[in-house]
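# Coordinates in review
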Amino acid sequence: MGCYDCCIRCIGAVPYPSLVATLLCYAGMALFCGCGHEALTQTEVLVETYFARNVQDFAVMASFIKYFQYVIYGLASFFFLYGILLLAEGFYATSAVKQTFGEFRSTQCGRCLSLTFIIVTYILAFIWLAVFAITAIPVFFLFNMEQTCHNINILAETTPSINQHGWICMDARQYGLLPWNAMPGKACGMTLASICKTSEFYVTYDLYIAAFAGAGITLLALFLYMVATTYNYAVLRFLGRKGIR
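Quantities reported herein were computed from a predicted structural model and do not represent experimental measurements.

Volume-wise, the largest pocket comes out at about 750 Å³. Along the walls of the largest pocket sit 32 residues, with Leu-40, Phe-64, Ile-134, Pro-138 and Tyr-208 positioned nearest its centre. Secondary structure elements with two or more residues in the lining of the largest pocket: α2 (16-50), α3 (55-98), α4 (108-158) and α6 (199-241). Among the elements that line the lining of the largest pocket, the one with the most residues is α3, at 10 residues. Classifying every residue of the lining of the largest pocket gives 26 nonpolar, five polar and one charged.

Written as structure tokens, this is what we have:
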């Protein structure tokens, strides 16, 4: 019976919202970092092969891709450590709230630490909201490219003249991928349709969708962290006012 009571107390001390948020955060960051890193590599191959003949036209984008890949490494490490800290804070707050163990009590230092986590988490959530929006840009570009290729294929089947679909183009320069003086910078007609049939295109498209989904899952995890940390801080302050220190 003593062992049973101990198990019940341990289960009751688990911060389930923080635990769920941590698992979602790790899953989202794994998708975002892994797929995002590989998607950037595939983007470099795709643009260099089909949209830029001169290496100088592609130098800026290649440098940006390498820089952002290093940023991804840093993000993965940061969120791994931050998830552990938030989970530990959740365990501390849950133990203080439930008073499961006698040595766990609400202290001024604990409340200040919880407030710090709240502020940092709110800031991270707003920053990650911008990252989530930016991640949608390559998905939007590749989606438009796929739809354009679909329209070209329909025109190619219904009209025998190449002039009917030769004017339909996708210009990488309009999306800021290449400078305006890059040549050719765009792909038109059946050339564009042939690009959409390559494995590089489909792999890149799928990777960006996965990275976008990962960013969304991470954003959801941050919102859960915000709710959990705010609730924990409110309860810790309540315990402090009650004189439980």
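What follows covers the side chain of Thr-218. Along the polypeptide, Thr-218 turns up in helix α6. Residue class for Thr-218 comes out buried when judged on its relative accessible area of 0%. Leaving out residues up to four positions away in the same chain, Thr-218 has contacts with Cys-25, Gly-28, Met-29, Phe-79 and Trp-128.

Time to look at the nonpolar core. Met-29, Phe-32, Trp-128, Met-145 and Leu-178 are the most contacted members of the largest nonpolar core, which totals 53 residues. Sorting the residues of this core by element identifies α2, α3, α4, α5 (189-196) and α6 as the ones contributing at least two each. Tallying contributions element by element places α6 first for this core, with 12 residues.

Let us look at the environment of Tyr-122. Within the secondary structure, Tyr-122 is located in helix α4. For the pair formed by Tyr-122 and Leu-222, sequence separation is 100 residues and the distance between their alpha carbons is 8.0 Å. Setting aside chain neighbours within four positions, we find Tyr-122 in contact with Met-226 and Thr-230.

Turning our attention to the state of the cysteines. Inspection of every chain in the model, using the stated rule, returns one disulfide. Note on cysteine connectivity: Cys-149 is disulfide-linked to Cys-196, with sulfurs 1.8 Å apart. Residues Cys-149 and Cys-196 share a disulfide whose torsion about the S-S bond is about 50 degrees; that sign makes it right-handed. Note that Cys-149 is positioned in helix α4 and Cys-196 in helix α5, a separation of 47 residues in sequence. The exposure classification of Cys-149 matches that of Cys-196, with both residues buried. There is no disulfide at Cys-33, and the cysteine sulfur nearest it, in Cys-25, is 9.5 Å away. Free cysteine: Cys-35, not disulfide-bonded; nearest cysteine sulfur from Cys-33 at 9.8 Å. For Cys-35, a relative accessible area of 15% puts it in the buried group.

Cut-off values and rules
- Residues numbered from 1 in each chain as written.
- Predicted model: local features only at pLDDT ≥ 70, side-chain atom pairs only at ≥ 80, totals over all residues.
- Heavy atoms only, no water.
- 1 Å grid on protein atoms, 1.4 Å probe; cavity = no way out; pocket = protein on both sides within 12 Å on 5 of 7 lines; lining within 4 Å.
- Points joined across faces, edges and corners; volume = space filled by probe spheres on them.
- Helix = DSSP H or I, 4+ residues; strand = E, 2+ residues; numbered from the N terminus.
- Nonpolar A, V, L, I, M, F, W, Y, C, P; charged D, E, K, R; others polar.
- Buried < 20%, exposed > 50% of the residue type's maximum accessible area, 1.4 Å probe, protein only.
- Contact = heavy atoms within 4.5 Å.
- Core = buried A, V, L, I, M, F, W, Y, C linked by side-chain atoms within 4.5 Å.
- Disulfide = S-S within 2.5 Å.

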